[in-house]
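# Descriptive structure summary
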Amino acid sequence: MYGAGDVRVENVPDPVLREPTDAVVRVLLSCICGSDLWPYGSLPPSDHGRRMGHEFLGVVEEVGSDVSGLSAGDVVIAPFVWSDGTCDFCQQGLQTSCRHGGQWGHDLDGGQGEAVRVPQAQGTLVKVPVGEDSALLPSLLTLSDVFCTGHHAAVTAGVTPRTSVTVIGDGAVGLSAVLAAKRLGAEQIVLMGRHQARTDLGREFGATDVVAERGDEGIERVRELTGGDGTHTVLECVGTEQAIGTSLRVVRDGGVVSRVGASQYGSVPMDFGTLMRNITLTGGVAPARAYIEDLLPDVLEGRVDPGRVFDRTVGFDDVPGGYRAMADREALKVLIQP
Ligand SMILES: [Zn+2]
């Protein structure tokens, strides 16, 4: 990406092993993230550009001498950050804070490419027992980010069968959060979103109510649906100031707001009124690597089908069009098939 709206497909040197902890992975599937749309809308123009893509799944081509448990031919999921799997943060399940980890793209290979050099391969990659042509690949790809992010929202909010839930946002993360809340047993799931094709999928994922109104009207609707109180948990999956403001107003006293939308705001209006209501704010970036093994059996056995968030597939030549379609909200989430 060379600047806002400027995505180009270019040839770069093939990845090679540089460290004994590396692997080289050939990409089978990648995708465009809602968070890629923030730089797509605002990245200042530059001459050198920036490698894109942090969600991918592929086949191991080669591993370094220090990598065990992985070998050429394995199908692997790459979480959206790489991590060593051994430091104190990784041990704590917070691989996004790994002391020797980092992000794809920028100076490293991005996932939106034909192949990637994966640092800290043993800690990062998760081998999955499927073939290169498995119909499950799109759903498995969601474990690299979007489904794990929705799950993180639900887990940090403390969603259980006894908690009611509001999900703010009908993008791929919001819909994944609905699916995750349903999977954790939530019985009432209110989805706030106004794009009907998306909220229809949200209903299939488990939303019991859809609120299309925004602002005061939307808040009023959620309160009506919950006996005037709001829900025990709110999963904020947008990242705007309006979304976090709405979250604090549709949460029940004593409740929890979890934010996983890529925050575009610098302060949260947690004033004296919210203090008096004992609201907890949690959430953050999802340590996807910590969740993959937990969520994998449900995907492999077909109990959840999070890959339904993909509604368009493009080849490399059409990646710029894929960005445009997502930015124009013509596509929910775009799959890239090299
Ligand atoms: Zn670590």
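Small disclaimer: the values here were computed from a predicted structure and weren't measured.

Right, let's talk about the environment of phenylalanine 316 for a bit. Relative to the helices and strands, phenylalanine 316 resides in the loop between β14 (312-314) and α12 (319-327). The buried category is assigned to phenylalanine 316, whose relative accessible area is 17%. Residues phenylalanine 316 and glycine 113, spaced 203 residues apart in sequence, show a C-alpha to C-alpha distance of 8.0 Å. In contact with phenylalanine 316, other than residues within four places in its own chain, are Val9, Gln112, Gly113, Glu114, Ile336, Gln337 and Pro338.

Let us now look at the side chain of arginine 117. Following the sequence through the fold, arginine 117 ends up in strand β6 (residues 115-118). One polar contact links arginine 117 to aspartate 22, side chain to side chain, over a distance of 2.7 Å.

To continue, consider α12. Every buried residue belonging to α12 is among Val319, Pro320, Gly322, Tyr323, Ala325 and Met326, and all of these are buried. Looking at the buried residues of α12, the elements they touch are α1 (37-42), β14 and β15 (334-336). Looking one or two places after α12, you find arginine 329, whose phi comes out positive at around 60 degrees.

Here we take up the side chain of threonine 142. For threonine 142, the location among the structural elements is in the loop between α4 (137-141) and α5 (146-157). The residues touching threonine 142, leaving out its near neighbours within four places in the chain, are Phe147, Cys148, Pro306, Gly307, Val309 and Phe310.

Asp84 (OD), Cys87 (SG), Cys90 (SG) and Cys98 (SG) make up the full set of protein donors to the zinc ion, lying at 2.1 to 2.3 Å. Relative to the metal, the four donor atoms surrounding the zinc ion lie at angles of 92 to 121 degrees, and the coordination shape comes out tetrahedral. Between the donor residues of the zinc ion, the gaps in sequence give the motif D-x2-C-x2-C-x7-C. The same class applies to cysteine 87 as to cysteine 90, namely buried.

What follows deals with unusual backbone geometry. For glutamine 120, which is not glycine, the phi dihedral falls at a positive 50 degrees. If you trace the backbone, glutamine 120 turns up in the loop between β6 and α3 (121-124). Look at asparagine 278: it is not a glycine, yet its phi comes out positive at around 55 degrees. Position of asparagine 278 among the secondary structure elements: in the loop between α10 (272-276) and β13 (280-283).

This part takes up the sheet that holds strand β12 (residues 251-259). Consider a sheet: its strands pair through backbone hydrogen bonds, and that pairing is either parallel or antiparallel. With parallel pairing, the six strands of this open sheet are ordered in space as β10-β9-β8-β11-β12-β13. Looking at which strands have only one partner, the edges of the open sheet turn out to be β10 (209-211) and β13. Each neighbouring strand pair of the sheet contributes to a mean axis angle of 20 degrees, computed without reference to strand direction. Note: β12 against β13, four bridges, orientation parallel. By the bridge assignment, serine 258 is partnered in β13 with threonine 282. Lying over the sheet, α5 contacts β11 (231-236), β12 and β13, oriented at roughly 145 degrees with respect to β12.

Turning our attention to the nonpolar core. Within the largest apolar cluster, 56 residues are counted, with the highest numbers of intra-cluster contacts made by Leu140, Leu143, Val167 and Leu235. A per-element tally of this core places helix α6 (residues 172-183) first, with eight residues. Once you skip the residues sitting within four places of it in the chain, valine 167 turns out to touch Gly174, Ala177, Val178, Ile189, Val190, Leu191, Met192, Leu235 and Cys237. Leu70, Trp82, Leu108 and Val116 belong to the second largest nonpolar core, which has 16 residues in total.

Further remarks concern the packing of α5 against helix α11 (residues 288-300). Interaxial distance between α5 and α11 falls to 10 Å at its minimum, and their mutual angle equals 95 degrees. Considering the angle they form, α5 stands roughly perpendicular to α11. Residues Phe147, Cys148, His151, His152 and Val155 of α5 pack against Ala288, Tyr291, Ile292 and Leu295 of α11. The residue makeup of the contact of α5 with α11, split by class, is seven nonpolar, two polar and no charged.

Attention shifts here to the packing of aromatic side chains. Throughout the structure, instances matching the rule amount to two aromatic pairs. Ring centres of phenylalanine 56 and tryptophan 104 lie 5.1 Å apart, and the angle between their planes is 75 degrees; on these two criteria the pair is classed as edge-to-face. Taken together, the residues phenylalanine 56 in strand β2 (residues 56-63) and tryptophan 104 in the loop between β5 (102-103) and β6 connect sequence positions 48 residues apart. By relative accessible area, phenylalanine 56 is classed as buried at 0%. For the cation-ring pair, arginine 8 lies above tyrosine 2, with the distance from its terminal atom to the ring centre recorded as 3.8 Å.

Reading the values: the criteria
- Going along each chain's sequence as written, the residues are numbered from 1 onward.
- Thresholds applied to this predicted model are a pLDDT of at least 70 for local features of residues and 80 or more for the giving and counting of side-chain atom pairs; totals over whole chains, interfaces and linings are not thresholded and use all residues.
- Calculated side-chain values reflect all of the structure's heavy atoms, with hydrogen atoms and water omitted.
- Helical segments are the DSSP runs of H or I of at least four residues, strand segments are the runs of E of at least two, and each set is numbered from the N terminus.
- Residue burial is assigned from relative accessible area. The probe radius is 1.4 Å, only protein chains are included, and a residue is buried under 20% of its type maximum, exposed over 50%, and partly exposed in between.
- Contact criterion: two residues are considered in contact whenever any of their non-hydrogen atoms come within 4.5 Å of each other.
- As used in this structure description, the phrase polar contact means that two N or O atoms lie within 3.5 Å; if the pair is within protein, one of them must be able to donate a hydrogen and the other to accept it, and residues adjacent in sequence are counted only when both atoms belong to side chains.
- Atoms are scored as donors when they are N, O or S and lie within 2.8 Å of the metal, with 3.2 Å used for Na, K and Ca; no water is included, so coordination may look incomplete.
- In this scheme the shape depends on donor count and angles: four donors with every angle between 85 and 135 degrees give tetrahedral, four or six donors with opposite pairs above 155 degrees and others between 65 and 115 give square planar or octahedral in turn, and any other case is irregular.
- Whether two strands pair comes down to DSSP finding at least two bridges between them.
- Working convention: axes come from line fits to C-alpha atoms, limited for helices to the stretch in contact. Angles between N-to-C directions cover 0 to 180 degrees.
- What we call a nonpolar core is a set of buried Ala, Val, Leu, Ile, Met, Phe, Trp, Tyr and Cys residues that are connected through their side-chain atoms within 4.5 Å.
- Note on angle classes: values under 35 degrees are labelled roughly parallel, values over 145 roughly antiparallel, values of 65 to 115 roughly perpendicular, and the remainder oblique.
- Classification used: nonpolar for Ala, Val, Leu, Ile, Met, Phe, Trp, Tyr, Cys and Pro, charged for Asp, Glu, Lys and Arg, polar for all others including Gly.
- Here a pair means two rings of Phe, Tyr or Trp (six-membered ring of Trp) with centres within 6.5 Å. Their orientation is stacked below 30 degrees between planes, edge-to-face above 60, and tilted elsewhere.
- Charge over a ring is defined by NZ of Lys or CZ of Arg lying within 6 Å of the ring centre and within 35 degrees of the ring normal.

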